[in-house]
Amino acid sequence: MEKENIIEVKDLHVDIKMMEGTLTPVRGVNFEIKKGETLGLVGESGCGKSITCKAILGINDKKCIPSGEIVFRNEDENEVDLLKMDPKGKEIRNVRGKQISMIFQEPMVAFSPMYTIGNQINEATLLHITKDKKKAKEISLEVMRKVGIANVEKRYNQYPHEFSGGMLQRALIAMALVCNPKLLIADEPTTALDVTIQAQILELMKELQKEFDMAILFITHDLGVVAKMCDRVAVMYLGRIVETGDATTIYANPQHPYTRGLMGSVHKIGGRKDERLFSIEGTVPLAMNLPKQCGFYDRCDARIEGLCDKAEPELVEIEKGHKIACFACQNAACQAHRKEVEERLKREESTKEPVEGGKKRGKR
Ligand SMILES: Nc1ncnc2c1ncn2[C@@H]1O[C@H](COP(=O)(O)OP(=O)(O)OP(=O)(O)O)[C@@H](O)[C@H]1O
Ligand SMILES: [Mg+2]
């Protein structure tokens, strides 16, 4: 039997009101994560990964306006839409830090320098699990042991500056796991660490995932890390998912020109695991006043003139669980989508109606 989804992100948009106009760094993102599964969210800097994660927890700046649906299966097994909750309200606070927690890239920023590590881990325990301070301390010490912090009684009373980077990242993981969340969002959790420590932390996360039976949304630039950690991958470009599927399929058979570029950039350098994904020519455009065209058009070597510059392709399933948004893909399902859009463009041209993109906002 297939596992249930723990979360479904549907047509998520995030608008940011700026002096110069509206920036839309997330433009219709769809993905789901099953219970206990790891989904890797990959893409270049600025493509909207962090804003997407923060939208799930309702922790973006207030100038960031999300829309769409984020359906979460909560601790009572009810489906709730996180976007309908007041970002400052009680309901989301019962989800945030307890049922869904997040690990950030920079542990130094996540901890306050003013309080001891123990105090900060305790905060979540006291808020969500028990009001009894002694019990809370026991729970915190136990989770600190679990993440491999030695000498926990002493460590408990130390301040963040007394921890090394790797140890601090372990403490951050302890803080994220102390309430036994069903979903962990890990936003580049090991980028700031050196390679050996990184490997240890990843191994630890995998072990803890099994033990806690939690799903992970794993954000990274690093395809080596994806291969090691993730069951499925969603490749993000300019605020949209352009390809998604099982990690093994995406590695063996990448279909979107952008994904192929990413894979190529890894293979070119001999599969070095710590390489970042910057070797595709050109840069990601700013998500403001975007023309109605495929976001990857300017950098794509497979683009179809007169089509890819006039409409944006939708995600289409080309084999079970493998979806891609590209008119140039030769797969029958993509070609059927291409034909449909070409015909629509023709109709719109002949009736001189304004040309719409591949999809009208709000519909799937
Ligand atoms: N508060 C904000 N105000 C204005 N623009 C923002 C804000 N937060 C993010 N952006 C812009 O939105 C886009 C997406 O940002 P985001 O942080 O989600 O990227 P990312 O994919 O996480 O990148 P990285 O890999 O560098 O962490 C970027 O162009 C960024 O500059
Ligand atoms: Mg980010």
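Only a predicted model underlies this, so the values are computations on that prediction, with no experimental measurement involved.

*Asks:* Please provide a residue-by-residue account of the state of the cysteines, values included.
*Replies:* On inspection of all chains with the given rule, the structure shows zero disulfides. No disulfide involves Cys179; its nearest neighbouring cysteine sulfur is the one of Cys53, lying 19 Å away. On the basis of relative accessible area, Cys179 is assigned to the buried category, the value being 10%. We note that Cys300 lacks a disulfide partner, and the nearest cysteine sulfur, in Cys326, lies 6.0 Å from it. Judged by its relative accessible area of 12%, Cys300 is buried.

*Asks:* Could you give an account of the environment of His221, naming the residues involved and the relevant values?
*Replies:* By the element assignment, His221 lies in the loop between strand S8 (215-220) and helix H9 (223-229). Residue class for His221 comes out buried when judged on its relative accessible area of 7%. His221 sits 88 residues away from Asp309 along the chain, and the two C-alpha atoms are 27 Å apart. A polar contact is formed between the side chain of His221 and the side chain of Glu188, at a distance of 2.7 Å.

*Asks:* Let's hear about the sheet that holds strand S6 (residues 100-103): which residues, and what values?
*Replies:* Taking strand neighbours across the sheet as the criterion, the eight strands line up as S6-S7-S8-S3-S9-S10-S12-S11 in an open arrangement whose pairing is mixed. Where the open sheet ends on each side, the last strands, each with one partner, are S6 and strand S11 (316-319). Taken pair by pair, the neighbouring strands of this sheet meet at an average axis angle of 20 degrees, ignoring direction. The pairing of strand S7 (residues 183-187) with S8 spans five bridges and is classified as parallel. Among the inter-strand pairings, Ala186 is bridged to a residue of S8, identified as Phe218. Lying over the sheet, helix H12 (residues 332-351) contacts S11 and strand S12 (322-324), oriented at roughly 155 degrees with respect to S11.

*Asks:* I'd like a description of helix H1 (residues 49-57), backed by residues and values.
*Replies:* A large share of H1 lies buried, amounting to seven of its nine residues. For H1, the full list of buried residues reads Lys49, Ile51, Thr52, Cys53, Ala55, Ile56 and Leu57.

*Asks:* Give a description of the pairing of strand S3 (residues 38-42) that names residues and reports values.
*Replies:* Regular strands place side chains that alternate from one sheet face to the opposite one. Of all five residues that make up S3, five are buried, and the element is covered over most of its length. Neither face of S3 is left uncovered, since the one carrying Thr38, Gly40 and Val42 and the one carrying Leu39 and Leu41 both have all their residues buried. With five bridges connecting them, S3 and S8 associate as parallel partners. In the strand pairing of S8, Leu39 is matched with Leu217. Direction of pairing for S3 relative to strand S9 (residues 232-237): parallel, over a ladder of four bridges. Note on S9: the bridge partner recorded for Gly40 is Val233.

*Asks:* Tell me what's going on with the packing of helix H4 (residues 117-128) against helix H7 (residues 165-177), and back it up with residues and numbers.
*Replies:* The contact between H4 and H7 brings their axes to 9 Å, and the two run at 25 degrees. Classed by the angle they form, the pair H4 and H7 counts as roughly parallel. Classified by chirality, the crossing of H7 by H4 is right-handed. Across the interface between the two elements, Ile117, Gln120 and Ile121 of H4 pack against Leu168, Ala171, Ala174 and Met175 of H7. For the contact of H4 with H7, a count of residues per class yields six nonpolar, one polar and no charged.

*Asks:* Please provide a residue-by-residue account of the packing of aromatic side chains, values included.
*Replies:* Enumeration over the complete set of coordinates arrives at three aromatic pairs. Taken together, a centroid distance of 5.0 Å and an interplanar angle of 80 degrees make the contact between Tyr237 and Phe296 edge-to-face. One end of the pair, Tyr237, is in strand S9; the other, Phe296, is in the loop between helix H11 (257-268) and S11, with 59 residues separating them in the sequence. Phe296 gets classed as buried once you look at its relative accessible area, which sits at 4%.

How each quantity is defined
- Residues numbered from 1 in each chain as written.
- Chains lettered and ligands numbered in written order.
- Predicted model: local features only at pLDDT ≥ 70, side-chain atom pairs only at ≥ 80, totals over all residues.
- Heavy atoms only, no water.
- Disulfide = S-S within 2.5 Å.
- Buried < 20%, exposed > 50% of the residue type's maximum accessible area, 1.4 Å probe, protein only.
- Helix = DSSP H or I, 4+ residues; strand = E, 2+ residues; numbered from the N terminus.
- Polar contact = N/O pair within 3.5 Å; in protein donor to acceptor, adjacent residues only side chain to side chain.
- Pairing = 2+ DSSP bridges.
- Axes fitted to C-alpha atoms, helices over the stretch in contact; angles between N-to-C directions.
- Contact = heavy atoms within 4.5 Å.
- Parallel < 35°, antiparallel > 145°, perpendicular 65-115°, else oblique.
- Left-handed = near helix turned anticlockwise from the far one by under 90°.
- Nonpolar A, V, L, I, M, F, W, Y, C, P; charged D, E, K, R; others polar.
- Phe/Tyr/Trp six-rings, centres within 6.5 Å; stacked < 30°, edge-to-face > 60°.

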